[in-house]
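So you can see what is in the structure, the chains are spelled out below.
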Amino acid sequence: MNIKNYINGQFENPSSNSWIDNYNPSNGEVYGQIPNSSKEDVEQAYKAAKSAFPSWSQTTLEERSRILIKISELLEANLDRFAEAESKDNGKPVSLAKMVDIPRAASNFRFFGNAITQFASESHESVGQNAVNYTLRQPIGVVGCISPWNLPLYLFTWKIAPAIAAGNCVVAKPSEVTPMTAYLLGEICNEAGLPKGVLNIVHGLGTTTGQAIVEHPNIKAISFTGGTATGAHIAKVAAPMFKKLSLELGGKNPNIIFADCDYDDMLNTTVRSSFANQGQICLCGSRIFVEKTIYEKFKVDFVEKVKNLKVGHPSEKDTNIGALVSKLHLEKVKSYIEIAKEEGATILCGGEEVTVDGFENGYYLQPTVIEVKTDDCRVNQEEIFGPVVTIMPFKTEDNVLEMANKVKYGLSATLWTNNLKRTMRMSNQLQAGIVWVNTWMMRDLRTPFGGVKESGVGREGGFEALRFFTEAKNVCIKY
Ligand code: NAD
């Protein structure tokens, strides 16, 4: 199936008539083409957004809210269609897309549709000076949203929903590897009555289409989720134009397990936090540190559970691990398994490609557990972003805290313990934007989401996202 750009409420071919193949990771076949959009297409999308901006920013909050909630309802009504499309594009199990990706995309629109009606600004009386100050929160204008392939619709809408709720018009680009659900979203937006030009979706490569969005002098804010190297490049391009930037980047998250935790809950959740979505979630706990006293037991129990995970076709109901997103990514992940062997680590299970009957050219890999000797080896320091985790023991709280923080990333951390004082000490000191204690990836959309160090700049979620997509203006009136 070929897809088109969504500009000014219409579906358009790329102006150069240039196309990119779209692969189905479950069988390695090309199943459609996507626009290879140029600077001209981005310009056309910008113009549509600009002409829609003044009236959209003047639309009442009730009306904006109504449309966003309608989009949410239509996504829910089309759950199966969207989940199947997401799975075919990305390789993730359909069951996961149905349970997590699409419902969460719908929640994004519902949440920000409601949040905008509660987004109040402050006023300050300058006592003794006969003056009052108040703050206006004004939309920026035309903003750019660029998203990755791992949670395609979920992360795409995580940006778009607050941007339009706040009154901006958007030029957005999903990953070229997983464009399908973003394409389908255009239809839904028309059906929900979103005015033409408020959302424009341009498909294409990062280095051309994405770059054109970032370089555009009148797209004044960029919300980006993707790799750290791409984020650094975007920051450089955007800096001379003083653009507002929100960068959600890579991670290498520690999962720290103390002997006093609820063992069964920890074990089951750790399997999930290691391998959900084939380990391709920026929040996955890819470095597991286990207190020495329970290390050997954990190792046996964990490996046994991991070996029982079924790698299979994404549409099979009992599949736990689907296909990796692309051939290129599969090769990258496999190369890290080789690096682990060269570094003298032990592969406790997995490490091999899997051939799924009938889908021999799909990109399947066994879930892999690597026991590392030291925390500073490459597999323990670099983001692999696949079904691969490292494990190693630790002796003391100080010892594990030091190892947990000794990476360039700082997105999330998970802590398993029932000791309250330790929880407080550790969660204060872990260098991460998000700390989960005795759970993983429990999300409340009101909370700030983002990372420290090379995991990013800025926060998404709740009012933080609405603040990012607005400019604060102070008005001071003397009376
Ligand atoms: P990527 O950086 O290769 O691409 C992300 C998006 O940026 C894509 O749409 C791509 O086309 C675009 N892009 C690439 N080069 C560009 C350029 N020069 N200018 C503008 N846009 C450009 O990342 P990916 O491989 O798609 O995603 C995986 C990465 O995303 C991992 O590192 C993962 O940790 C990270 N991620 C982070 C979060 C988070 O919230 N922090 C969430 C999900 C994924």
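Higher on the page you've got the structure.
Throughout what follows, the structure given in this document is the object of discussion.

Calculation notes
- Residue numbers restart at each chain and count upward from 1, following the sequence in its written direction.
- This being a predicted model, a pLDDT of at least 70 is required before a residue's local features are given, and a value of 80 or more before pairs of side-chain atoms are given or counted; all residues contribute to the totals for chains, interfaces and linings.
- Heavy atoms from the whole structure form the basis of all side-chain values; hydrogens and water molecules are not counted.
- A pair of strands is considered paired only if DSSP assigns at least 2 bridges between the two.
- Counting from the N terminus, the helices are the DSSP runs of H or I reaching at least four residues and the strands are the DSSP runs of E reaching at least two.
- The convention used is that axes are lines fitted to C-alpha atoms, helices contributing only their stretch in contact, and that angles between N-to-C directions extend from 0 to 180 degrees.
- When we say a residue is near a molecule or strand, we mean one of its heavy atoms is within 4 Å of it.
- Two N or O atoms count as a polar contact when they lie within 3.5 Å, although within protein this holds only if one can serve as hydrogen donor and the other as acceptor, and sequence-adjacent residues are included solely when both atoms are side-chain atoms.
- In this classification, the charged set is Asp, Glu, Lys and Arg, the nonpolar set is Ala, Val, Leu, Ile, Met, Phe, Trp, Tyr, Cys and Pro, and all remaining amino acids, among them Gly, are polar.
- Each domain span listed reflects an automatic or database assignment of domains.
- What a helix should span is 1.5 Å times the count of its residues minus one.
- Only heavy atoms matter for contacts: two residues are in contact if any of them lie within 4.5 Å across the pair.
- Put simply, angles under 35 degrees are roughly parallel, angles over 145 are roughly antiparallel, angles from 65 to 115 are roughly perpendicular, and the rest are oblique.
- Here a crossing is taken to be left-handed if its near helix is turned anticlockwise relative to the far helix by less than a right angle, and right-handed if that turn runs clockwise.
- Using protein atoms alone on a 1 Å grid, points that fit a 1.4 Å probe yet trap it form a cavity, whereas open point sets bounded by protein on both sides within 12 Å along at least five of seven lines form a pocket; residues with an atom within 4 Å of a point count as lining.
- Grid points are joined across faces, edges and corners, and a volume is the space filled by probe spheres set on the points.
- Note on disulfides: each one is a pair of cysteine sulfur atoms within 2.5 Å.
- Burial here depends on accessible area, computed with a 1.4 Å probe over protein chains only, as a share of the maximum for the residue type. Under 20% is buried, over 50% is exposed, and the range in between is partly exposed.
- A pair of aromatic rings is counted whenever rings of Phe, Tyr or Trp (Trp by its six-membered ring) have centres within 6.5 Å, and the orientation is called stacked for planes under 30 degrees apart, edge-to-face for over 60 and tilted otherwise.

1. Thoughts on the sheet that holds strand β6 (residues 131–139)
Across the sheet, which stays open at both edges, the three strands sit in the order β5-β6-β20 with antiparallel pairing between neighbours. If you trace the sheet from one side to the other, it starts and ends with β5 (123–126) and β20 (470–478), each paired once. Strand after strand, the sheet turns through a mean of 20 degrees between neighbouring axes, direction not considered. Pairing of β5 with β6 involves four bridges; the strand directions are antiparallel. Paired with Ser126 across the two strands is Ala131, which belongs to β6.

2. With respect to the site of the ligand
Taken together, 30 residues sit near the ligand, with Lys173, Glu176, Thr230, Leu249 and Glu383 positioned nearest. Gly227 is positioned such that a nitrogen or oxygen atom in its backbone is 2.8 Å from an oxygen atom of the ligand. At 2.6 Å, a side-chain N or O of Thr230 approaches an oxygen atom of the ligand. When residues of the shell around the ligand are traced back to their parent elements, those giving at least two are α7 (206–215), β10 (221–225) and α8 (228–238). With four residues, the single largest contributor to the shell around the ligand is α7. A breakdown of the residues in the shell around the ligand according to their chemical character gives 13 nonpolar, 13 polar and four charged. Counting contributing residues per domain, the shell around the ligand is built from domain 1 (5–249 + 455–478) and domain 2 (254–445), each supplying no fewer than three.

3. A word on helix α9 (residues 263–275)
Over its 13 residues, α9 extends 18 Å from the first C-alpha to the last, a length consistent with the 18 Å expected when each residue adds 1.5 Å. Residues of α9 that are buried sit in contact with β12 (254–257), β13 (287–291), α10 (292–307), β15 (368–371), β16 (388–394) and β17 (412–416).

4. A few points about the packing of helix α5 (residues 152–165) against helix α6 (residues 180–192)
Axis separation between α5 and α6 bottoms out at 8 Å; the angle between their running directions is 55 degrees. Taken as axis vectors, α5 and α6 run oblique relative to one another. Read as a crossing pair, α5 and α6 show a hand that is right-handed. Along its contact with α5, which presents Pro152, Leu153, Phe156 and Thr157, the element α6 presents Thr181, Ala182 and Leu185. Here the residues of the contact of α5 with α6 are counted per class, giving five nonpolar, two polar and no charged.

5. Observations regarding the layout of surface pockets
In this structure, the largest pocket occupies an estimated 970 Å³ of space. Lining the largest pocket are 42 residues; nearest its centre among them are Pro148, Trp149, Gly226, Gly227 and Thr230. Taken together, the elements giving at least two residues each to the lining of the largest pocket come down to α7, β10, α8 and α11 (327–342). Class assignment for the residues of the lining of the largest pocket results in 18 nonpolar, 18 polar and six charged.

6. Considering the state of the cysteines
In total, this model carries zero disulfides according to the counting rule given. Lacking any disulfide linkage, Cys284 is separated from the closest cysteine sulfur, that of Cys282, by 8.2 Å. Given the relative accessible area of 5%, Cys284 is considered buried.

7. A closer look at the side chain of Thr181
With respect to the helices and strands, Thr181 occurs in helix α6. Non-local contacts of Thr181, meaning those with residues more than four positions away in its chain, are made with Phe82, Ala85, Glu86, Pro152 and Leu153.

8. So, the sheet that holds β15
Spatially, the seven strands line up as an open sheet ordered β14-β15-β16-β13-β12-β17-β18, and their pairing is mixed. A single partner strand is all that each edge strand has here, and the edge strands are β14 (346–349) and β18 (434–437). Across the sheet, the mean angle from the axis of one strand to that of its neighbour is 25 degrees, orientation sign disregarded. Strand direction decides the pairing type here: β12 and β17, joined by three bridges, are parallel. In the strand pairing of β17, Ile257 is matched with Trp416. Contacts from α10 reach β12, β13, β14, β15 and β16, with the element oriented near 135 degrees to β13.

9. Some words on unusual backbone geometry
A positive phi is found at Phe242, a non-glycine position, where the angle reads about 55 degrees. Within the secondary structure, Phe242 is located in the loop between α8 and β11 (244–248). Using a relative accessible area of 76% as the deciding quantity, one classes Phe242 as exposed. Unusually for a residue other than glycine, Met441 sits at a positive phi of about 55 degrees. Tracing the backbone shows Met441 in the loop between β18 and β19 (456–457).

10. Quick notes on the packing of aromatic side chains
Within the structure shown, the criterion is met by eleven aromatic pairs. Measuring from ring centre to ring centre gives 6.0 Å for Phe112 and Trp158, while their planes differ by 55 degrees; the resulting arrangement is tilted. Note that Phe112 is positioned in helix α4 (residues 94–115) and Trp158 in helix α5, a separation of 46 residues in sequence. Overall, Phe112 belongs to the buried group, its relative accessible area being 0%. Seen from their ring centres, Trp158 and Phe449 are 6.3 Å apart, and the 85 degrees between their planes marks the pair as edge-to-face. Residue Trp158 is located in helix α5, and its partner Phe449 is located in the loop between β18 and β19; the two are separated by 291 residues in the primary sequence. According to the relative accessible area criterion, Phe449 is buried, its value standing at 7%.

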